[in-house]
Amino acid sequence: MSYDLSLLGWNDLRAADLPTDTVPARVSRVDRGAAEVIAADGQHHAKYGARVRRASATDPVALPCVGDWAALRWLPEGRYELDEVLPRSTAFVRGGVSRDSVGGLSGDGQGQVLAANVDVVFVAEPSMHAADFADLGRIERLVALAWESGGTPVVLVTKSDLFDDGLDDLLADVRTAAPGVAVHAVSSLLGDGVELAAGYLGGSRTAVILGPSGAGKSTLVNALAVGEVMETQQVRAGDGRGRHTTAHRELILLPGGGLVIDTPGIRRIGLYDIGEGVDRVFADIEELAQRCRFGDCGHTSEPECAVLTALESGELPERRLESWRKLQREAAWMASRTDARLRKEQQNKWKVITKEMRRSGRNRP
Ligand SMILES: Nc1nc2c(ncn2[C@@H]2O[C@H](COP(=O)(O)OP(=O)(O)OP(=O)(O)O)[C@@H](O)[C@H]2O)c(=O)[nH]1
Ligand SMILES: [Zn+2]
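Residues numbered from 1 in each chain as written. Chains lettered and ligands numbered in written order. Predicted model: local features only at pLDDT ≥ 70, side-chain atom pairs only at ≥ 80, totals over all residues.

Now for the environment of L327. Mapped onto the secondary structure, L327 falls in helix α11 (residues 318-363). Counting along the chain gives 42 residues from L327 to I285, while the straight-line C-alpha distance between them is 13 Å. (Helix = DSSP H or I, 4+ residues; strand = E, 2+ residues; numbered from the N terminus.)

What follows is the structure in structure tokens.
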């Protein structure tokens, strides 16, 4: 069984990072100490080599994750070892890690990468959720998370068939909540918008679908997979068509091209790590704030506050200002938590050093 890796997203840019005497493979599942990978010559269960083990001992961000491109080294005993994680173009990171860790392998020793090399982040928000309309605040949060990962967000208002009238108004509201982001209505039930969504995966791009439980994520993946139960799709070299073999449910290869990563970690993501993505989602407010009279304007009662002026004129919806405040508080809280943790680690390091100095002092003749 051989695979055409270009259908999994392999390209010249990535090839430039490949160490000599190794072959590339994409991680489709991770276990403790080993990963399921797809290489040109087939699927393998590759144990982590010394380099990966050493790096991940001090920093879990260095651990392979679903979507990673890895370098495999052939061992004399006749098996591959996962020798190195190639630089990530994008990453969903849980825990306090800076954006630097996307390319390299450095974090604060606490982070965990949930998925890597994701090009498109579908934010699925149901047009109706139980008795509620689409939750704009949730869209803002997930779009911030998407920007933070380095991927490109695309908002899908799912279950659009539940709406008779007013869908256009709803879409207009969603567009205000996600400026600069493509917004589409999708009904997996009727097939509306599914091809549009598939269009984002052209050129073997990789997507994740974020959204609340019941948003229709699984149904959409099935629709993208043209109705098949997507447990076992794989791409065969040559004709590029799907074929059923071993399950790779966490890295789903779509028969029409492109991949979807669906892991429990990605499904549960949402309440953390929004960081700088917030500024981007609220670019309109950030821009207004530039025009406030005071540089440190809190936009509450200050004179000549451009934000309050826009609020009064109706240019800026009050809900959006509140959402901005809420997510900013959250991002600040996350940042302070990370700082506290870094401080603590720093202190621990010093404790160890001081202890050792004392000990060596005692041992001195
Ligand atoms: N009317 C309508 N119902 C849909 C549509 N897509 C999904 N559903 C229904 O919505 C329910 C939830 O769909 P799922 O695809 O399981 O949702 P999910 O986002 O994967 O949910 P979790 O697995 O809990 O995260 C199911 O009963 C689907 O049949 C749609 O386009 N229109
Ligand atoms: Zn102001």
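Attention now goes to the site of ligand 1. Near ligand 1 lie 16 residues; those nearest to it are S213, G216, K217, S218 and T219. When residues of the shell around ligand 1 are assigned to their parent elements, the largest contribution, three residues, is made by helix α6 (residues 217-224). Looking at the shell around ligand 1, its residues break down into three nonpolar, nine polar and four charged. (Near = placed C-beta within 6 Å. Nonpolar A, V, L, I, M, F, W, Y, C, P; charged D, E, K, R; others polar.)

Looking at the element boundaries, V278 is found in helix α8 (residues 277-281). With 135 residues separating them in the primary sequence, V278 and V143 have C-alpha atoms 8.4 Å apart. Those residues in contact with V278 that sit more than four places away from it in its chain are A144, L327, Q328 and A331. (Contact = placed C-beta atoms within 7 Å.)

The sheet contact formed by strand β1 (residues 23-31) and strand β4 (residues 69-75) spans four bridges and is antiparallel. Its bridge partner being in β4, V23 is matched across the sheet by L72. As paired elements, β1 and strand β2 (residues 34-39) share six bridges and run antiparallel to each other. The residue of β2 that forms the bridge with D31 is A34. Counting the residues between successive antiparallel strands, the hairpin from β1 to β2 contains two residues, one of them, G33, with a positive phi of roughly 80°. (Pairing = 2+ DSSP bridges.)

Pairing in this open sheet of six strands is mixed, and the strands run β12-β11-β8-β13-β17-β16 from one edge to the other. Each end of this open sheet is capped by a strand with a single partner; those strands are β12 (182-185) and β16 (251-253). Looking at each pair of strands side by side, their axes are set apart by 25° on average, direction ignored. With seven bridges joining them, strand β8 (residues 120-126) and strand β11 (residues 152-158) adopt parallel strand pairing. By the bridge assignment for β11, A124 is matched with L156. (Axes fitted to C-alpha atoms, helices over the stretch in contact; angles between N-to-C directions.)

Extensive coverage of strand β5 (residues 79-85) is indicated by the burial of six of its seven residues. In the sheet, strand β3 (residues 42-48) pairs with β5 via two bridges, with the strands oriented parallel. When the bridges of β5 are listed, K47 appears paired with E81. Bridge analysis of β4 against β5 gives six bridges, and the strand direction is antiparallel. Within β5, the residue paired with L75 across the bridge is R79. Between β4 and the antiparallel strand that follows it, β5, lie three residues; G78 among them carries a positive phi value of about 90°. (Buried ≥ 20, exposed ≤ 12 C-beta atoms within 10 Å, placed from the backbone.)

Here helix α9 (residues 283-290) crosses helix α10 (residues 306-313) at 120°, and the two axes come no closer than 7 Å. Taken as axis vectors, α9 and α10 run oblique relative to one another. On α10, the residues touching I285, L288 and A289 of α9 are A306, V307 and A310. Looking at the contact of α9 with α10, its residues break down into six nonpolar, no polar and no charged. (Parallel < 35°, antiparallel > 145°, perpendicular 65-115°, else oblique.)

Here the focus is unusual backbone geometry. Although it is not a glycine, H299 sits at a positive phi angle of roughly 55°. Within the element layout of this structure, H299 appears in the loop between α9 and α10. Assessed through the 20 C-beta atoms surrounding it within 10 Å, H299 is described here as buried. At E304, a position not held by glycine, the phi torsion is positive, near 50°. Owing to 11 C-beta atoms within 10 Å, E304 belongs among the exposed residues under this scheme.

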